[in-house]
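# Examination of the molecular architecture
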Amino acid sequence: TSVPKSGGENQLMGLAFIAALVDFAKDRIGDANELLTPGTAAPLVLDSPFGQLDKTYRASVVKFVPQMARQVVLLVSSSQGNEDIPKILKPKVGMEYVLVDENREDQGTKHSETLVLHGREYQTVEYGCERPRTRIQEVHT
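This one's a predicted model, so the numbers in the text were calculated from it and none came from an experiment.

As a further point, take the overall build of the chain. The number of helices and strands found in the chain is three helices and seven strands. Going from N to C terminus, the chain has its helices and strands arranged as α-β-α-β-α-β-β-β-β-β. For the C-alpha atoms alone, the extent of the chain along its principal axes is close to 60 × 40 × 35 Å. The buried share of the chain, reckoned over its 141 residues, is 22%. Taking contacts inside the chain between residues at least 6 apart in sequence as the whole, the part at least 24 apart equals 60%. When the accessible surface of the chain is split by element, carbon and sulfur atoms take 52% of a total near 10300 Å². Between the centroid of the 16 positive side chains of the chain and the centroid of its 19 negative side chains there is a distance of 4 Å.

Right, let's talk about helix H1 (residues 7-27) for a bit. Taking 1.5 Å of rise per residue, the 21 residues of H1 would be expected to cover 30 Å, and the 30 Å separating its terminal C-alpha atoms lies within 8% of that figure. Those residues of H1 that are buried are in contact with strand E1 (44-47) and helix H2 (55-64).

Attention shifts here to the environment of glycine 30. With respect to the secondary-structure elements, glycine 30 resides in the loop between H1 and E1. A C-alpha to C-alpha distance of 8.2 Å links glycine 30 and threonine 40, two positions ten residues apart in sequence.

The predicted model of the chain has a mean per-residue pLDDT of 85, with 94% of residues at 70 or higher. Confidence scores differ between elements of the chain, with helix H3 (residues 84-89) showing the lowest mean pLDDT of 81 and strand E7 (residues 133-138) the highest of 96.

The subject of this paragraph is the nonpolar core. Generally speaking, nonpolar side chains in soluble globular proteins are found buried as a group. In this structure, Leu44, Leu46, Phe50, Val61, Val65 and Met68 are the most contacted members of the largest nonpolar core, which totals 14 residues. For this core, the secondary structure elements donating two or more residues are H1, E1, H2 and H3. For this core, the leading source of residues is H1, giving three residues. When sequence neighbours within four positions are dropped, the list of residues in contact with leucine 46 reads Leu15, Ile18, Val65, Met68, Val72, Val73, Leu74 and Leu75.

With that settled, consider the sheet that holds strand E6 (residues 125-126). Strand order across the open sheet formed by three strands is E6-E3-E7, with mixed pairing between neighbours. Sheet topology places E6 and E7 at the edges, where each strand pairs with a single neighbour. In this structure, strand E3 (residues 97-102) lies alongside E6, joined through two bridges in parallel fashion. Of the residues in E6, the one forming a bridge with aspartate 101 is valine 125.

Turning our eyes to something else, we now look at H2. Buried within H2 we find Arg58, Val61 and Val62. Relative to the axis of H2, the buried residues are bounded by an arc of 105 degrees and lie together on one face. Exposed positions of H2 whose direction lies more than 90 degrees from the buried face are Thr56 and Lys63. Packing partners of the buried residues in H2 comprise H1 and H3.

Conventions adopted
Residues numbered from 1 in each chain as written. Predicted model: local features only at pLDDT ≥ 70, side-chain atom pairs only at ≥ 80, totals over all residues. Heavy atoms only, no water. Helix = DSSP H or I, 4+ residues; strand = E, 2+ residues; numbered from the N terminus. Buried < 20%, exposed > 50% of the residue type's maximum accessible area, 1.4 Å probe, protein only. Contact = heavy atoms within 4.5 Å. Areas by Shrake-Rupley, 256 points an atom, 1.4 Å probe, with all protein chains shown as cover. Lys, Arg positive; Asp, Glu negative; His and termini not counted. Charge placed at Lys NZ, Arg CZ, Asp CG, Glu CD. Expected span 1.5 Å × (residues − 1). pLDDT = per-residue confidence, 0-100. Core = buried A, V, L, I, M, F, W, Y, C linked by side-chain atoms within 4.5 Å. Pairing = 2+ DSSP bridges. Arc of directions from axis to C-beta.

Following this line, the structure appears as structure tokens:
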């Protein structure tokens, strides 16, 4: 009988597959073929790539991700990473942003949600806004 793969194993396999596709597309830039369109060097967007990985795999994947494409966009919540991730990625990071959830409703008894980055505090949820949306706010270092 086969044992089902863990969430972390599935996540590693998915990242490996994506890395192979990105590399294949990059290698095909300018190639003409009847079956395949020419390749491209597009940015790679990864949402929660470290979420189900244990500490050992997480460190390895964090080091590998910047090599996957010329431009990588990582969407990472504070619960999915630890202090090691920013330290490892710092030399490769061009820009950082915080996603701010804007709500129409009043704050009432709801607590404020903040994130501290580079010694600055950022609100991650704002209440009493004109319309519900997610705003992208640049992080200042």
